[in-house]
Amino acid sequence: MIQQRVMSRVPIATRRKHTDAHDLLLRACATYLRLHGMPCTIINQRPVQDGRGVWRNPGADPGCPDLIACMPLGGRVLLVECKTGSGRLTPRQRAFMDNWRRANAYCVVARSVGDLDEVISAAQKATG
C-alpha cells in the first residue's frame, strides 16, 4: 500500500515500468538459481525521493541488472536482466553488461527461466 502511494507521486517519466509479470519472472529466476546451488541477490531499483524532492534509484549503478548470481563452476559472475513482453535493454543496461562480459562474466536477458537454463548448460559444457 505504501509502495503504491509512493509510486503514484513519482513523475510519469521517472516511473519504472515494472509489472506483476516482471516481478513474477524476477522471483522465478531467483528461485531457479538458488535451487541450482547459485547464491544470488535481487537488486532493488525502486525509486525513492531524496531530501530535495528528487526521485533517484538508490544503491545501484545505472544499468545494473535485476539479479546478480555466482556460477557454481569456477565462481564466475552471472548477471540477469529480466524482461517481459517486448521489453528491451536500455543503452545503460547494454553498456553495463558489455563491461561485465569483458571482465569474463556471464550475462543474460531472461524472458523465461528457460533462458537461464541455456546459459547454465553452456557454462557447464565450457568448463568440462
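Each remark here, short or long, concerns the structure printed above.
Residues numbered from 1 in each chain as written. Predicted model: local features only at pLDDT ≥ 70, side-chain atom pairs only at ≥ 80, totals over all residues. Heavy atoms only, no water.

Focus: the side chain of E81
Position of E81 among the secondary structure elements: in strand 5 (residues 77–82). Under the relative-accessibility criterion, E81 is labelled buried at 3%. (Helix = DSSP H or I, 4+ residues; strand = E, 2+ residues; numbered from the N terminus. Buried < 20%, exposed > 50% of the residue type's maximum accessible area, 1.4 Å probe, protein only.)

With respect to the pairing of strand 5
Counting buried positions along strand 5 yields 5 of 6 residues, so the element is predominantly enclosed. Pairing of strand 4 (residues 67–70) with strand 5 involves 4 bridges; the strand directions are antiparallel. Within strand 5, the position partnered with I68 by the bridge is L79. With antiparallel pairing between neighbouring strands as the criterion, strand 4 and strand 5 make up a hairpin whose turn holds 6 residues, including G74 at a positive phi of roughly 85 degrees. Of the pairings in the sheet, the one linking strand 5 to strand 6 (residues 106–110) comprises 5 bridges and is parallel in character. Its bridge partner lying in strand 6, L78 is registered against Y106. One crossover worth recording links strand 5 to the parallel strand 6 by way of helix 3 (residues 91–102), and it is right-handed. (Pairing = 2+ DSSP bridges. Right-handed = clockwise from strand over helix to strand, strands pointing away.)

Details of unusual backbone geometry
Even without glycine at this site, N104 takes up a positive phi of about 80 degrees. Along the chain, N104 turns up in the loop between helix 3 and strand 6. In this structure N104 comes out as partly exposed when scored by relative accessible area, which is 46%.

Considerations on the state of the cysteines
Applying the stated criterion to the full structure yields 0 disulfides. C82 takes part in no disulfide bond, and the closest cysteine sulfur to it belongs to C29, at a distance of 4.0 Å. (Disulfide = S-S within 2.5 Å.)

Considering the sheet that holds strand 4
Here we have 4 strands laid out as an open sheet, ordered 1-4-5-6, and mixed in their pairing. Each edge of the sheet is formed by a strand with only one pairing partner; in this case those strands are strand 1 (40–42) and strand 6. Strand after strand, the sheet turns through a mean of 15 degrees between neighbouring axes, direction not considered. Relative to the sheet, helix 2 (residues 20–35) contacts strand 1, strand 4, strand 5 and strand 6, its axis offset from that of strand 1 by approximately 165 degrees. Along the sheet, helix 4 (residues 113–127) contacts strand 5 and strand 6; its crossing angle with strand 6, the most-contacted strand, is approximately 160 degrees. (Axes fitted to C-alpha atoms, helices over the stretch in contact; angles between N-to-C directions. Contact = heavy atoms within 4.5 Å.)

So, the packing of helix 2 against helix 4
Two elements in contact, helix 2 and helix 4, have axes whose closest approach is 9 Å; the angle formed by their N-to-C orientations is 35 degrees. Helix 4 is crossed by helix 2, and the crossing has right-handed handedness. Where helix 2 abuts helix 4, its residues L25, A28, C29, Y32 and L33 lie against V113, L116, D117 and I120. Tallied by class, residues from the contact of helix 2 with helix 4 come to 8 nonpolar, no polar and 1 charged. (Left-handed = near helix turned anticlockwise from the far one by under 90°. Nonpolar A, V, L, I, M, F, W, Y, C, P; charged D, E, K, R; others polar.)

Nothing here speaks to function; it is geometry throughout.
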